[in-house]
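# A structural walkthrough
Here's the letter readout for the chains.
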Amino acid sequence: SKIRKVALPDLAGFKSRLFTSGLSAKTARNIIDASFRAMWRDAMAEELVTNNPFAALKWVRAQRSRPDPFTAEERDKIIAHFRENDFFYFPWVHTLFHTGARPSELSALEWSDVDLETGRIWITKSRSRGAVASPKTAKSHRRIEVTYEVAQVLRLLPSRGLGIKTVFLNKYGDPVDSKKWGEWYLTPALKKLAVRHRKAYSMRHTFITEMV
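Okay, so let's go over this structure. (Residues numbered from 1 in each chain as written. Predicted model: local features only at pLDDT ≥ 70, side-chain atom pairs only at ≥ 80, totals over all residues. Heavy atoms only, no water.)

### Examining the packing of helix H3 (residues 72-85) against helix H8 (residues 178-193)
Two numbers describe a pair of packed helices, the interaxial angle and the distance between the axes. Keep this limit in mind: Every axis corresponds to a line fitted to the C-alpha atoms, with the helix fit spanning only the stretch in contact, and the corresponding angles, defined between N-to-C directions, vary from 0 to 180 degrees. Elements are defined by DSSP. Helices are runs of H or I of four residues or more, strands are runs of E of two residues or more, and each kind is numbered from the N terminus. For classification purposes, an angle smaller than 35 degrees is called roughly parallel, one larger than 145 roughly antiparallel, one from 65 to 115 roughly perpendicular, and anything else oblique. Should any heavy atoms of two residues lie within 4.5 Å, those residues are considered in contact. Three classes are used, and their members are as follows: Ala, Val, Leu, Ile, Met, Phe, Trp, Tyr, Cys and Pro are nonpolar, Asp, Glu, Lys and Arg are charged, and the others, Gly among them, are polar.
At a minimum axis distance of 10 Å, the contact between H3 and H8 shows a crossing angle of 110 degrees. If you check the angle between H3 and H8, you find them roughly perpendicular. Two secondary-structure elements touch here, H3 through Lys77, Ile78, His81, Phe82 and Asn85 and H8 through Trp181, Tyr185, Leu186, Ala189, Leu190, Lys192 and Leu193. Broken down by class, the residue content of the contact of H3 with H8 amounts to eight nonpolar, two polar and two charged.

Written as structure tokens, this is what we have:
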């Protein structure tokens, strides 16, 4: 099959074309590693291929930006805004701020990973660019103990009563795309509240900062 013919020069050329098209190194790596590499992993599991050209593909180590959390006051303002003005996404925002989960992890969360009686959430996967895969790192597989308040907020979600396996849905009934949600809902909310812009990922940093 054609997949057997893919070799390191092909991957290097594909990476170069992604860079030439104007994509960042992070986005290019997400395309190759999160999508294409996952397909290759499945092909290896089915013994369709035996070599792994991805292991030899070199990447320049990206410079990490420093965490930029919201303050506790900003967090409370944002939560209140969604509770009062866009209640549909209130549970999503509240859970992001009060669990430390990554947006991609909550996007992939299923009710089978949630125990509301004991207040536990198991993080077993993440969703990126519409594809579900393993969490970011091996240590990202974890159990989160949530507060009674978070458990009560999760009970508000209609997906639970409707028997839909995905916990957090958008207004069209699809799993929440955290990037699009940030662009379409969080950014306008921050402007309205006069809160300096950060991405939804900063909600995780907020939780960690407050816990510390």
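### Details of the pattern of salt bridges
For the record, the criterion: We define a salt bridge as a side-chain nitrogen of Lys or Arg found within 4 Å of a carboxyl oxygen belonging to Asp or Glu.
Taken as a whole, this structure holds 13 salt bridges when the rule is applied. The salt bridge involving arginine 198 is made with glutamate 74; its shortest N-O contact spans 2.8 Å. A residue pair is termed long-range when its members are at least 10 positions apart, and arginine 198 in the loop between H8 and helix H9 (202-211) and glutamate 74 in helix H3 qualify at 124 residues. For glutamate 117, the salt bridge goes to arginine 155, with nearest N and O atoms at 3.4 Å.

### Examining H9
Where we set the bar: Burial classes: relative accessible area under 20% of the type maximum marks a residue as buried, over 50% as exposed, and values in between as partly exposed (1.4 Å probe, protein chains only).
Residues Ser202, Met203, Arg204, His205 and Thr206 constitute the buried set of H9. Contacts made by the buried residues of H9 are with H3, helix H4 (90-99), strand S5 (142-145) and H8.

### Observations regarding the sheet that holds strand S1 (residues 114-115)
For the record, the criterion: For two strands to count as paired, DSSP must find a minimum of two bridges between them.
One open sheet accounts for three strands, arranged S1-S2-S5; its pairing is antiparallel. Each edge of the sheet is formed by a strand with only one pairing partner; in this case those strands are S1 and S5. Two strands pair when backbone bridges link them, and S1 and strand S2 (residues 120-123) are joined in this way by two bridges, in the antiparallel orientation. Bridge pairing in S2 links valine 114 to isoleucine 121.

### Topic: the side chain of threonine 99
Stated formally: Pairing of N or O atoms within 3.5 Å defines a polar contact, subject to two protein rules: one partner must be a possible hydrogen donor and the other a possible acceptor, and residues neighboring in sequence count only if both atoms are side-chain atoms.
Structurally, threonine 99 is set in helix H4. For threonine 99, a relative accessible area of 5% puts it in the buried group. Separated by 2.7 Å, the side chain of threonine 99 and the backbone oxygen of threonine 95 make a polar contact. In terms of polar contacts, threonine 99 uses its side chain to reach the backbone amide nitrogen of alanine 101, at 3.3 Å. Not counting the four nearest positions on each side in its chain, threonine 99 is found in contact with Ile144, Val146, Val150 and Phe207.

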